[in-house]
Amino acid sequence: MKSPARRTSYGVKGAPYAFLVPASLLFLLFFALPIGYAVWLSFRKVQVSGLGLGAGAREEVWAGLENYTDALSDSELLNGALRVLGYGCIVVPVMLGLALLFALMLDSEKVRLAPFTRLAIFLPYAIPGVVAALLWGFLYLPDVSPFYFVLDTFGLPQPDLLDGGPLYLALSNIAVWGGTGFNMIVIYTALRAIPAEVYEAAKLDGATPLQIALRIKIPMVAPSLVLTFFFSIIATLQVFSEPTVLKPLTNSVSTTWSPLMKVYQDAFGNGDIHAAAAQATLIALATLVLSFGFLRATNRRDKQEAAR
């Protein structure tokens, strides 16, 4: 008879797999299957016979790469991508720069009311994007905005933030206002994880607070900066709520201002779900390629620095 110590507990060995089953099912049902279905739709199209009336007049057939070639040659989709590129060139550096600055300030020994300040900076991130866009949209309108009232009182020029080039600043301001707090928390958490002995050794060597921030803190939170940059790139490519909410307030925002707005318009406005699926797949591939390329370049640089 085997002793209790030598018995094999198959239930214990199978427990990790049992715990993975719910998460795996959720991943399959709500992530993998919708993506697979979208890719399948992107290779099909609706073929119309005659006037498109009657039974069998509209038939879904195999389209191959036709939807993809149409998407790549679609000027509206390409122009939307260029607009998002310009939008991202404003949002990403400003948002991450402010997040890093706030995190360094909160990590300072001389900071006052640190808990309240952290909450105040993070609070805009807790507000839904649609609500934030509505809030700022009304603040941009000259007829209802208190800012324009103050400018008019002092006889100062009143720029139209919802037209032309200032529109990019208006949209970027909403994203920066809402996203800086989250990125600040990520960087600040990394700063708090740095051992205090590192700072004490730097002070004994005569380093100033500015030198400690530039030569110790920022290099040591570089992985967090990479992570926040990665998330910011993905969020920029997927911008949808802000321009969609501001669209009724100005004629400068079209229904295809961003790539995702173009996908939405084709799917639910024009009723071409297959073209929209192809465009969405291309956007997902572009996001994957950019993210993978950035992470690979960052890892390569880290390996080169480690080898020195």
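Use the structure listed above.
Residues numbered from 1 in each chain as written. Predicted model: local features only at pLDDT ≥ 70, side-chain atom pairs only at ≥ 80, totals over all residues. Heavy atoms only, no water.

A. Layout of the nonpolar core. Within the largest apolar cluster, 23 residues are counted, with the highest numbers of intra-cluster contacts made by Y87, I174 and W257. Broken down by secondary-structure element, the contributors of at least two residues to this core are α3 (75-106), α5 (129-140), α7 (166-192) and α11 (241-246). If one sorts the elements of this core by residue count, α7 sits on top with six residues. When sequence neighbours within four positions are dropped, the list of residues in contact with W257 reads G80, R83, Y87, L167, Y168, L171, P243 and S252. (Core = buried A, V, L, I, M, F, W, Y, C linked by side-chain atoms within 4.5 Å. Buried < 20%, exposed > 50% of the residue type's maximum accessible area, 1.4 Å probe, protein only. Helix = DSSP H or I, 4+ residues; strand = E, 2+ residues; numbered from the N terminus. Contact = heavy atoms within 4.5 Å.)

B. Quick peek at helix α10 (residues 222-237). In this model α10 runs 23 Å from its N-terminal to its C-terminal C-alpha over 16 residues, within 8% of the 22 Å that 1.5 Å per residue would give. Residues of α10 that are buried include every one of S224, V226, T228, F230, S232 and T236, and no others. (Expected span 1.5 Å × (residues − 1).)

C. Examining α3 more closely. Look at α3: 46 Å from first C-alpha to last across 32 residues, which is about the 46 Å you get at 1.5 Å a residue. For α3, the principal kink sits at G88 and spans about 25°. For α3, the N-terminal cap is D74; the gap from its side-chain oxygen to the backbone nitrogen of E76 is 3.0 Å. (Bend = angle between axes of the 7 residues up to and from the residue. Polar contact = N/O pair within 3.5 Å; in protein donor to acceptor, adjacent residues only side chain to side chain.)

D. Inspection of the packing of α7 against α10 at higher detail. The contact between α7 and α10 brings their axes to 9 Å, and the two run at 165°. The orientation of α7 relative to α10 falls into the category roughly antiparallel. Crossing handedness for the pair α7 and α10: right-handed. Residues F182, N183, V186, I187 and A190 of α7 touch α10, and the partners they reach there are S224, L225, L227, T228, F231 and S232. For the contact of α7 with α10, a count of residues per class yields seven nonpolar, four polar and no charged. (Axes fitted to C-alpha atoms, helices over the stretch in contact; angles between N-to-C directions. Parallel < 35°, antiparallel > 145°, perpendicular 65-115°, else oblique. Left-handed = near helix turned anticlockwise from the far one by under 90°. Nonpolar A, V, L, I, M, F, W, Y, C, P; charged D, E, K, R; others polar.)

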